[in-house]
Amino acid sequence: MKKIAAIHDLSGYGRASLTVVIPILSYMGYQVCPLPTAVLSAHSEYHNFRSFDLTDQMPPIIDHWKELRLHFDALYSGYLASVRQLDIVEQFFCDFKKDDNFVLVDPVLGDHGQLYPNMDNRMIEGMRRLCAKAKVITPNLTEAALLLGDKPCVEITEREAIGWCVELGKLGPDYSIITSAPVEGDNRIAILAYNRQDGRLWRVCSEYLPASYPGTGDAFASVVTGCLLHDDSLPEAIERAAHFINMGIHATFGCEHNPLDGMNQEKVLHYLVESLPYFTYELLGTFK
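Counting starts from 1 at the beginning of each chain's written sequence and moves along it residue by residue. Reporting of local features is limited, given that this is a predicted model, to residues whose pLDDT is at least 70; pairs of side-chain atoms are given and counted only at 80 or more, and all residues count toward the totals for whole chains, interfaces and linings. Side-chain descriptors were evaluated using all non-hydrogen atoms of the structure, hydrogens and water having been removed beforehand.

Engineer: Explain the packing of aromatic side chains to me, please; I cannot follow it from the model alone.
Structural biologist: Geometrically, a pair of aromatic rings is defined through the distance of the ring centres and the angle of the planes. Note on ring pairs: Phe, Tyr and Trp rings are taken, using the six-membered ring of Trp, and paired if centres are within 6.5 Å. Classes follow the plane angle, with under 30 degrees stacked, over 60 edge-to-face and the rest tilted. As enumerated under the stated definition, the model contains eight aromatic pairs in all. Aromatic side chains Phe-72 and Phe-96 sit 5.6 Å apart centroid to centroid with 50° between the ring planes, which places their arrangement in the tilted category. In this pair, Phe-72 is assigned in the loop between helix 2 (58–67) and strand 6 (74–77) and Phe-96 in helix 3 (residues 83–96), connecting sequence segments 24 residues apart. With respect to class, Phe-72 is no different from Phe-96; both count as buried. Among the aromatic residues, those joined into a ring-pair cluster are Trp-65, Phe-72, Phe-92 and Phe-96. In this structure, Lys-135 packs its charged tip against the face of Tyr-175, placed 4.8 Å from the ring centre. A helix here means a DSSP run of H or I that spans at least four residues, while a strand means a run of E at least two residues long, and both kinds are numbered starting from the N terminus. A simple rule labels every residue: compare its accessible area, found with a 1.4 Å probe on the protein chains alone, to the largest value its type can have, and call it buried under 20%, exposed over 50%, or partly exposed in between. Lysine NZ or arginine CZ positioned within 6 Å of the ring centre and within 35 degrees of the ring normal marks a charge as sitting over the ring.

Dropping the structure here:
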């Protein structure tokens, strides 16, 4: 069974980070090996959440994994709370990256044109270093702008988003994926995915629903990780991830449900392993 090292925080309540990552990747048939960065009473969008930092515990866990001579088929990082955690994860990538595995970095920095609390320029620079060591990165529009040194804004054009996706490849990753990109003249949103190796840029569009659920970014990056480990192509991976998120949102949107609780992913896990009913991905062009 393939193993994935998942470097995320753990929330006692609310679907985010490891409470999203573990069930998705386990359902897809992988052994998830968590390296927790913090334990939270509930995820950080809940008021007055408690957080217990595990930075000091991360190096001893990693040292034990080295003693066990563990091999991981994928190394997958999400939210990191400090520059020290970034440094620890960067060294972890150096120690555990091999020719037969890959690194996926979800560069969690902000959303809706704003940095998250506790994020600053040092965190942005550290995240750029992690992205340089990754095969795949999955920023949203705000994070893409921050990584590129641009000013994040709520609205950009479709052409600008495509340009950002290509520019992210210059940071080093083979695959740069931007979520929630605009589609001009249409009530849809898009996922853009650029393959730096062959220059092809792919797009998958989805219907826009006026709903927002914490943890959907974690779910998206997790499905992409699982698909790529299954040797799916880049457009297939983003297609399945988009389909899973869409079905999860539709399964949640009509319920009497506190949006902070997250997407009802338990109801749609079966879509992770079923054949996709159709493929909608499109090639936007080749950009070298």
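Resuming the write-up.
Engineer: Please explain empty space enclosed by the protein as it appears in this structure.
Structural biologist: With a 1 Å grid laid over protein atoms only, a set of points is called a cavity when a 1.4 Å probe fits there but cannot get out and a pocket when it is open yet has protein on both sides within 12 Å along at least five of seven lines; lining residues have an atom within 4 Å of a point. Grid points are joined across faces, edges and corners, and a volume is the space filled by probe spheres set on the points. Under the criterion given, the structure shown has one cavity of 30 Å³ or more. Estimates place the volume of the largest cavity at around 40 Å³. Arg-15, Val-20, Pro-214, Gly-215, Thr-216, Ala-219, Gly-262, Met-263 and Gln-265 together form the lining of the largest cavity. Residues were grouped as follows: Ala, Val, Leu, Ile, Met, Phe, Trp, Tyr, Cys and Pro as nonpolar; Asp, Glu, Lys and Arg as charged; and all remaining residues, including Gly, as polar. A per-class count over the lining of the largest cavity returns four nonpolar, four polar and one charged.

Engineer: Explain the layout of surface pockets to me, please; I cannot follow it from the model alone.
Structural biologist: Gaps between atoms show up when a probe of the same size as a water molecule is rolled over them. Empty space within the second largest pocket amounts to approximately 210 Å³. Lining the second largest pocket are Met-28, Tyr-30, Gly-226, Cys-227, His-230, Asp-232, Glu-236, Arg-240, Leu-272, Val-273, Leu-276 and Phe-279. Looking at the lining of the second largest pocket, the elements with two or more residues in it are helix 7 (216–229) and helix 8 (234–253). Within the lining of the second largest pocket, the residues separate by chemical class into seven nonpolar, two polar and three charged.

Engineer: Before we go on, may I ask you to explain unusual backbone geometry in this structure?
Structural biologist: Residues apart from glycine generally show negative phi values, whereas peptide bonds are mostly found in trans. Of note, Ser-180 is a non-glycine position whose phi angle comes to about 60°, a positive value. With respect to the element layout, Ser-180 can be found in strand 11 (residues 175–182). Ser-180 sits in the partly exposed class, given a relative accessible area of 43%.

Engineer: I keep staring at the sheet that holds strand 14 (residues 282–286) and nothing clicks. Help me out?
Structural biologist: The strands that make up a sheet are held in pairs by hydrogen bonds between backbone atoms, and each pair lies either parallel or antiparallel. Pairing in this open sheet of nine strands is mixed, and the strands run 3-1-6-7-10-11-12-13-14 from one edge to the other. Of all the strands in the sheet, just strand 3 (31–34) and strand 14 have a single pairing partner and so form its edges. Strand pairing is assigned whenever DSSP detects at least two bridges linking the two strands. Where strand 13 (residues 200–207) and strand 14 come together, four bridges link them in antiparallel fashion. Directly across from Trp-202, in strand 14, lies its bridge partner Leu-283.

On their own, these measurements won't tell you what the molecule is for.
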